[in-house]
Amino acid sequence: MKVIEIKDLVKIYNESEVKVHAVNGITLDFEQGEFAAIVGPSGSGKTTLLNMIGGLDDPTSGEVLVDGTAMSNLKGSDLTDFRLNNIGFVFQSYNLIPVLTAKENTEFVMRLQGKNSKECDARTEELLKSVGLGERMNARPAKLSGGQQQRVAVARALASKPKFVLADEPTANLDSKSTETLLDIMEKLNREENITFVFSTHDARVVNKARRVITVEDGKVISDERKNGGE
Amino acid sequence: MAWRNIWRNRRRTIITAASIFFALFFAIIMRSFQLGTYGHMIHQVIESYSGYLQLQSPDYFDEPGLDNAFEYDQDLLNRINSNPGVKIAVPRVESFALASIGAKTKGVLVNGIDVEKEAELSNPQKNLVHYRFLSAVMDAVYAIPELTEDQKTNLKMYENASFSSLDKIGMNCGISDETILQKIGELTAFNGSYLQASDEGVLVSDRLSKFMQLNIGDTLVLMGTGYHGASAAGLFPVRGIIKIPSPELDNKLVYMSLPRAQEFFGMENMLTTLAINLNDKSTMSEVQQELTNQLDKNAYVVKNWQEFNPVLKQSIEGDNAGGIVFAAILYVIVFFGIFGTVLMMIAERKREFGVLIAIGMKKRLLMSIVLIEMFFIGTLGTVVGMLIVSPLIYLGNKFPIRLTGETAKMYEDMGYEAVMPMATFDAYFWWQAMIVLLMVVVASYFPLKSIRKLKVIKALRA
């Protein structure tokens, strides 16, 4: 089942008088349960591609369909609602809300969805335990290490039960051990909950774990490899 | 979340709340002094002397004089008193005469009063002088052994002054010891008496009595022009001395009973004015209109204090406008302080706003949180400001500041008692709080607008 369909996607930035084709006609599909990495050098267009998949940026042309819904048809609060209920985000620099605890950060999106306290508590506890932070639920981000913060960010991304998670360079600020732990957690969640993960990354450790590796250069897909055991 | 957010940058929140606190504090204190002083002026001049309304003959307003007096009877009084807004109507005959004793002569304002009713309006009896610090007795006063040097210095400042009570002596000279006050009272006693209903005598104002060197029991000669040019002359024993707060009036006022004044001026059953006080001063315009409609327009006219005392009205309005401009300047400065904080907050949190919208928070909800944050900061400054300023207002109202030196002299020269009371808690107090909160809301407009226009992708790159 296709969760994401990308059709001839183009993004052109007008920088001064020069047009920059950040994404130049990409067509891709992602199936439910994929664990995919988009790789490529800096400026290759992988973050721009991820932003357009997540509805954070508008394409110049082409289309992104999430579960059959064209993102370009959604505007304003409809688009925000759609992101809330269908897409989880993990950012490079964690971006947790500093005034909320790990538990409150995780359940934040569920609160936005209007879930009741009982439901929020149960899911939050389950997620934070699964990312190994069952004992640090009441700690604020400032009291957590970078790796722990990114694990809370993963728990937050999954709290709303999204169709897929977009992670933009999730390990870029982490040391080896934290990267290893984070990747193991995401892989486990991917296998156990069948959630689709799409990463943009430079990190060879992420590429090694991914079951599908899409290489982008100059805004175009130059290779799309599925490893053994891939979907 | 909003509450926690405001404490993220504790120092900034405290500085912003403090700027709101100081603006509110100074604005309330300033307005309270202003309104308190106006209230005191109105109380001194209007409520305690002229009344909020005055009934006159139609020509009296332009040409005040005995020839423009009006007929006064019980029926007229009943009609006025039947208005529920009227507290009391006090009949008066006012005119000028020449006062003389020995070689001293001076123009005086003769005020014929209904002795009993006047007690409920200007109440001259409360100003009756009971103690006088005459030079002849002050050496004995300074010799009271219990007096401190400071108290002696204070007493010297009031040499030749007159007082209506020991409390006033105590308050002015900083003496609280009852025994000392009693001793001073015994040495400086001055035994005048108030007028009887049809008294043949007069009360003379303090400064006038000093100028004329009048004492209790002396006979004052009054001469003047009566009703329709008749000559008016008479001999009037001095029953008492009264101290009028307004120095201008204190220099020239002579009180006599209404029947005696009518007889002196040859105008039985006639009045120059009927001073009216109200149960509620805010009903002044309504009562004025009702009385005007009720009475014969050809025979009577009802004027309010702003019409018959435009000088007081204009001086209050002028000073009030200055106060409002000053408060506005204060608020503009504070507004830009709050606005600066808001701009800084937005710049610092742009990326965070982008993340919140990216993960599914609607802009409307985000705007509400930011507005609540600003509201919390505004409320914090406002509530602390009001809590701290409230006891000061209470004390300033109950125990007004008594001015001294040149400032006091300036007040007295203008005809007002040299005190600066603060206005009690009234609409102005709550308005200052409303203005501050309104400023916070206006200052929040920019962040709310920038959130509404926020491009998520740009915010995430911030």
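Just so it is clear, the model here is predicted, and its values are computed rather than measured. (Residues numbered from 1 in each chain as written. Chains lettered and ligands numbered in written order. Predicted model: local features only at pLDDT ≥ 70, side-chain atom pairs only at ≥ 80, totals over all residues.)

**Considerations on the overall build of chain B**
And step 1. A tally of regular secondary structure across chain B gives 19 helices and 15 strands.
And step 2. Residues counted as buried form 37% of the 462 residues belonging to chain B.
And step 3. Contacts in chain B between residues at least 24 apart in sequence constitute 81% of all its contacts with a sequence separation of at least 6. (Helix = DSSP H or I, 4+ residues; strand = E, 2+ residues; numbered from the N terminus. Buried ≥ 20, exposed ≤ 12 C-beta atoms within 10 Å, placed from the backbone. Contact = placed C-beta atoms within 7 Å.)

**Some thoughts on the overall build of chain A**
And step 1. A count of helices and strands for chain A gives seven helices and ten strands.
And step 2. Here chain A holds 231 residues, and the buried ones make up 46% of them.
And step 3. Across chain A, the fraction of contacts at a sequence separation of at least 24, relative to all contacts at a separation of at least 6, is 71%.

**Side note on the sheet that holds strand β1 (residues 2-15) of chain A**
Residues and elements named next belong to chain A.
And step 1. Within the open sheet, the four strands sit side by side as β2-β1-β4-β5. Their pairing is antiparallel. Here the strands that pair on one side only, and so sit at the sheet edges, are β2 (18-31) and β5 (69-70).
And step 2. Relative to β2, β1 is paired through eleven bridges, and the arrangement is antiparallel. If you follow Ile4 over to β2, its bridge partner there is Phe30. (Pairing = 2+ DSSP bridges.)

**Focus on the sheet that holds strand β8 (residues 196-201) of chain A**
Residue and element names in this part refer to chain A.
And step 1. In space, the six strands of this open sheet follow the order β6-β7-β8-β3-β9-β10, with mixed pairing throughout. Bordering the open sheet on either side are β6 (87-90) and β10 (220-226), each of which pairs with just one other strand. On average, each strand axis in the sheet is tilted by 15° relative to the strand beside it, whichever way the strands run.
And step 2. The pairing of strand β3 (residues 35-39) with strand β9 (residues 212-217) spans four bridges and is classified as parallel. Within the sheet, the bridge partner assigned to Ala36 lies in β9 and is Arg212. (Axes fitted to C-alpha atoms, helices over the stretch in contact; angles between N-to-C directions.)

**Topic: helix α6 (residues 176-193) of chain A**
All names here are of chain A.
And step 1. For α6, which comprises 18 residues, the first-to-last C-alpha distance of 25 Å matches the rise-based estimate of 26 Å (1.5 Å per residue) to within 8%.
And step 2. Within α6, the full set of buried residues consists of Thr179, Leu182, Leu183, Met186 and Leu189. Down the axis of α6, the buried side of the element spans an arc of 130°, and every buried residue falls inside it. Facing away from the buried side of α6 by more than 90 degrees, the exposed set consists of Ser176, Lys177, Asp184, Lys188, Arg191 and Glu192. (Expected span 1.5 Å × (residues − 1). Arc of directions from axis to C-beta.)

**Some words on helix α15 (residues 363-398) of chain B**
And step 1. Taking 1.5 Å as the rise per residue, α15(B) with 36 residues should run 52 Å; its terminal C-alpha atoms sit 51 Å apart, in good agreement.
And step 2. Roughly 30° is the biggest bend found in α15(B), and it falls at B:Val389, with proline B:Pro391 one to four residues downstream. (Bend = angle between axes of the 7 residues up to and from the residue.)

**A word on the interface of chain B and chain A**
And step 1. If you look at the interface, chain B gives 14 residues, while chain A gives 16 residues.
And step 2. For the side of chain B that touches chain A, the secondary structure elements donating two or more residues are α1 (2-6), α14 (310-358) and α19 (456-461) of chain B.
And step 3. In terms of residue class, the side of chain B that touches chain A is built from nine nonpolar, two polar and three charged. (Nonpolar A, V, L, I, M, F, W, Y, C, P; charged D, E, K, R; others polar.)

**Some words on the confidence of the model for chain B**
Interpretation of this model should avoid reading the predicted coordinates in detail wherever pLDDT is low.
And step 1. Summing up the model confidence of chain B, the mean pLDDT is 86 and the portion of residues at 70 or higher is 98%.
And step 2. Both confidence scores are given for the complex: pTM 0.65, ipTM 0.86. (pLDDT = per-residue confidence, 0-100.)

**Observations regarding the pairing of β8(A)**
All names here are of chain A.
And step 1. The element β8 is largely enclosed, with a buried count of six among its six residues.
And step 2. Of the pairings in the sheet, the one linking β3 to β8 comprises five bridges and is parallel in character. The residue bridging Ile38 from the neighbouring strand is Ser200, located in β8.
And step 3. Where strand β7 (residues 164-168) meets β8, five bridges bridge the pair, whose relative direction is parallel. Residue Leu166 lies in a different strand from β8, and its bridge partner there is Val198.
And step 4. A crossover connection joins β7 to the parallel β8 through α6; in handedness this β-α-β unit is right-handed. (Right-handed = clockwise from strand over helix to strand, strands pointing away.)

**Side note on the packing of helix α2 (residues 10-50) of chain B against α14(B)**
Residue and element names in this part refer to chain B.
And step 1. The interhelical angle for the contact between α2 and α14, taken along N-to-C directions, is 175°, at an axis separation of 10 Å. Judged on the interaxial angle alone, α14 and α2 are roughly antiparallel.
And step 2. Partitioned by chemical class, the residues of the contact of α2 with α14 number 16 nonpolar, seven polar and three charged. (Parallel < 35°, antiparallel > 145°, perpendicular 65-115°, else oblique.)

**Regarding the environment of A:Val66**
Residue and element names in this part refer to chain A.
And step 1. Looking at the element boundaries, Val66 is found in strand β4 (residues 61-66).
And step 2. Since 24 C-beta atoms lie within 10 Å of it, Val66 is described here as buried.
And step 3. Spatially, the C-alpha atoms of Val66 and Phe164 are 9.4 Å apart, while their sequence positions differ by 98 residues.
And step 4. Sequence-distant contacts of Val66, that is, excluding residues within four places in its chain, are made with Val3, Ile4, Met71, Asn86 and Lys163.

**Observations regarding unusual backbone geometry**
All names here are of chain A.
And step 1. Positive phi outside glycine occurs at Asp67, with the angle close to 55°.
And step 2. In this structure, Asp67 sits in the loop between β4 and β5.
And step 3. For Asp67, a count of 14 C-beta atoms within 10 Å corresponds to the partly exposed category.

**Considerations on the packing of helix α5 (residues 146-159) of chain A against α6(A)**
All names here are of chain A.
And step 1. Following both chains from N to C, one finds α5 and α6 inclined at 15°, their axes separated by 9 Å at the closest point. Taken together, α5 and α6 sit at an angle that is classed as roughly parallel. Crossing of α5 against α6: the hand is right-handed. Between α5 and α6, the contacting residues are Gly146, Gly147, Gln150, Arg151, Val154 and Leu158 on the first element and Ser178, Thr181, Leu182, Ile185, Met186 and Leu189 on the second.
And step 2. Classifying every residue of the contact of α5 with α6 by side-chain character gives six nonpolar, five polar and one charged. (Left-handed = near helix turned anticlockwise from the far one by under 90°.)

**Things to note about the environment of A:Ile4**
And step 1. For A:Ile4, the location among the structural elements is in strand β1.
And step 2. Along the sequence, A:Ile4 and A:Leu65 sit 61 residues apart, while their C-alpha atoms lie 5.7 Å from each other.

**Considerations on the pairing of strand β8 (residues 219-225) of chain B**
Residues in a regular strand project their side chains so that they alternate between the two faces of the sheet.
Residue and element names in this part refer to chain B.
And step 1. Bridging between strand β3 (residues 86-101) and β8 involves three bridges; their strand directions are antiparallel. Note on β8: the bridge partner recorded for Ala99 is Leu222.
And step 2. Where β8 meets strand β9 (residues 231-242), seven bridges bridge the pair, whose relative direction is antiparallel. By the bridge assignment for β9, Leu220 is matched with Phe236.
And step 3. Where β8 folds back onto β9 in an antiparallel hairpin, the turn is made up of five residues, including His228, whose phi is positive at roughly 55°.

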